[in-house]
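The chain contents come next:
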Amino acid sequence: MVARVIPVDDFDLVIFGGTGDLARRKILPGLYRRFWSEQMPPAARIIGAARTDQDSDAWRAFVREAIEEFVSPAKRVPETVEAFLDCLSYVPIDAMGTDGWADLRALMRPEAVQAFYFSVAPSLFGPIAERLKDNAIARDDARIVVEKPFGRDLETAKALNATLATHFDEAQIYRIDHYLGKETVQNLMAVRFANMLFEPLWNAQYIDHVQITVAETVGVGGRGSYYDKSGAMRDMVQNHLMQLLCLTAMEPPAHFEPNAVRDEKLKVIRALDPVEPGDIVRGQYQAGADGASYLDDVEDSASRTESFVAMKLHISNWRWNGTPFYLRTGKRMKSRMSEIVIQFKEPPHNIFTEAVSPRCNILTIRLQPDEGIDLRMTIKEPGPGGMRLVEVPMDMTFAEALGPEVADIPDAYERLIMDVIRGNQTLFMRGDEVEAAWGWTDPIIAGWTRSEHVPLPYEPGTAGPEDALILLYRDGRRWREISA
Ligand code: NAP
């Protein structure tokens, strides 16, 4: 099976923060992989920009090292790496200063697609946007890509949106949530809207509940000072988990087109009920055999920031009335796992007798590890001995179902960057979506601050605090096991 690829136009991509961690680990290796698979036009130009005073050769050496570290050996063909490096140049620019902008303008070509990736601290988004316009660098059809965090509450998100809107139209702004670039997340839309099988059942009448889990094994590590001001709610729920919830719960859009999809996602956020304090559990990891406690990982030894959160949500609309959505995310958990679990209801009447009762169907959309989709079905156990029922998986792990070539899944970043070049905003958050998500999150965080809420301690390597398990037990349900 050969993948069909929609080609992209020739482009000039400027990466502000081209010497940073995100550029080194994700953006540049991702672009190289696209180049290697001949999906990047050979004339395309990638321009690094940051304060570090260096020439293009020095930046190319940095990118070569990034490719060596983050691209698999099979794709590191020496001639291809050299050809990719030939597409690169570097301009020293201080985002707050006046130097370097004329040099950048001189490098930009009038006919190529223009994209500017703001891989810098959010405080620099405004100054860069302003200088791109004041120095007549960005055209009216230029695209800008902005990274998370997009604000830390509704007020700051609104201010950031307003600043960007001074210089760019909404149609030019690409707010990245890399979860939306994951193949399985898009597959969720394919499963729902390209098959007849699921959508008629995709509602409160047939779905018992939904679980969304994003579990990490790592602690806050070197990000302690940033994370402690943020916590799991701001760092994960407001953006990534909220986006997964929206794609799972939204109505079918009329078209697979940016505003049609984003309108439907926005309606989900607006239909969320406020969360009852008893429906939410916050935790903080303790010290374990292989690592320090949260409080040792951050500067403030009395911090009340959560490294884990679990909650039960209700979506107040016709489709979902009565079907709870349970969300949880945390650090230092048992294994690294992200998945959406759709648990269907039991058949209304059991025609089988005694101990043989059918189990619920469970559809699992696995984001990591091993992206894929798994559907649990009940069938008769083969062989003699009467009617015995057994649960079997219909596993569609992409690598097995489609073959290694097609299932060589592109990193979320590389896919999203190519969507920017194509001018496709479908998988990017619109300004009003981000604001609505903060508008829902803010009162929860404000409630914790007001009540001086202290997160519950939890053992590293577990599924979080016991109270998170109880959140489901009390409804007669249980979380799926966190396992790799
Ligand atoms: P980082 O490693 O600290 O890099 C910051 C970059 O900004 C560097 O290239 C730095 O280069 C440049 N920079 C700083 N001040 C500048 C200025 N005044 N003018 C021009 N360039 C300046 O940060 P990062 O981890 O790459 O993160 C970048 C952005 O992505 C942040 O908004 C972060 O929240 C977001 N993000 C990062 C990750 C990740 O995995 N790293 C994940 C999600 C989101 P010079 O020092 O040479 O100027």
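Our structure's up above, just so we're on the same page.
Residues numbered from 1 in each chain as written. Predicted model: local features only at pLDDT ≥ 70, side-chain atom pairs only at ≥ 80, totals over all residues. Heavy atoms only, no water.

Trainee: How should the site of the ligand be read in this particular structure?
Mentor: The ligand sits among 22 residues. The nearest are Thr19, Arg25, Thr52, Ala95 and Val120. Interatomic distance of 2.4 Å between a side-chain N/O atom of threonine 52 and an oxygen atom of the ligand. In isolation the ligand offers 890 Å² of accessible surface; the protein chains occlude 73% of this area. The biggest single contributor to the shell around the ligand is helix H1 (residues 21-36), with 3 residues. Within the shell around the ligand, the residues separate by chemical class into 10 nonpolar, 6 polar and 6 charged. (Near = heavy atom within 4 Å. Polar contact = N/O pair within 3.5 Å; in protein donor to acceptor, adjacent residues only side chain to side chain. Areas by Shrake-Rupley, 256 points an atom, 1.4 Å probe, with all protein chains shown as cover. Helix = DSSP H or I, 4+ residues; strand = E, 2+ residues; numbered from the N terminus. Nonpolar A, V, L, I, M, F, W, Y, C, P; charged D, E, K, R; others polar.)

Trainee: Would you take a moment to explain the environment of isoleucine 128 for this structure?
Mentor: Take isoleucine 128: it is sitting in helix H5 (residues 125-134). Looking at isoleucine 128, the relative accessible area reads 1%, which means it is buried. In this structure the C-alpha to C-alpha distance between isoleucine 128 and arginine 152, which are 24 residues apart in sequence, comes to 20 Å. Setting aside residues no more than four positions away along its own chain, isoleucine 128 makes contact with Phe16, Ala95, Trp101, Phe118 and Val120. (Buried < 20%, exposed > 50% of the residue type's maximum accessible area, 1.4 Å probe, protein only. Contact = heavy atoms within 4.5 Å.)

Trainee: Which parts of the structure should I look at to understand the pairing of strand E7 (residues 207-215)?
Mentor: The two faces of a sheet get side chains in turn, since along a regular strand they alternate between them. With 9 of 9 residues buried, E7 is to be regarded as a mostly interior element. In terms of strand pairing, E7 meets strand E11 (residues 337-344) through 8 bridges, oriented antiparallel. Counterpart to threonine 213 in the pairing with E11 is glutamate 339. Where E7 lies against strand E10 (residues 325-330), 6 bridges are found, and the strand directions are parallel. Counterpart to alanine 215 in the pairing with E10 is glycine 330. (Pairing = 2+ DSSP bridges.)

Trainee: I would appreciate a short explanation of helix H13 (residues 412-422) in the present structure.
Mentor: Three or four residues apart is the spacing at which side chains of an α-helix point the same way, because the helix has 3.6 residues per turn. Counting buried positions along H13 gives 10 out of 11 residues, so the element sits mostly inside the fold. Check the buried side of H13 and you find it contacts strand E1 (11-16), H1, strand E4 (113-118), strand E5 (143-146), strand E6 (173-175) and helix H7 (183-193). Capping the start of H13 is the job of one residue whose side-chain oxygen sits 2.9 Å from the backbone nitrogen of tyrosine 413: aspartate 411. Once H13 ends, the next one or two residues include glycine 423, with phi positive near 75°.

Trainee: Looking at this model, I keep getting lost on the sheet that holds E6. Mind explaining?
Mentor: Each strand in a sheet pairs with another by means of backbone hydrogen bonds, the pair being arranged parallel or else antiparallel. One open sheet holds the 6 strands; their spatial order is E3-E2-E1-E4-E5-E6, and the pairing between them is parallel. Two strands close off the open sheet at either side, each with one partner strand: strand E3 (88-92) and E6. Within the sheet, the average angular offset between the axes of one strand and its neighbour, ignoring direction, is 20°. Strand direction decides the pairing type here: E5 and E6, joined by 3 bridges, are parallel. Bridge pairing in E6 places isoleucine 144 opposite isoleucine 173. Sheet strands in contact with H13 are E1, E4, E5 and E6, and its direction is about 140° off that of E4. (Axes fitted to C-alpha atoms, helices over the stretch in contact; angles between N-to-C directions.)

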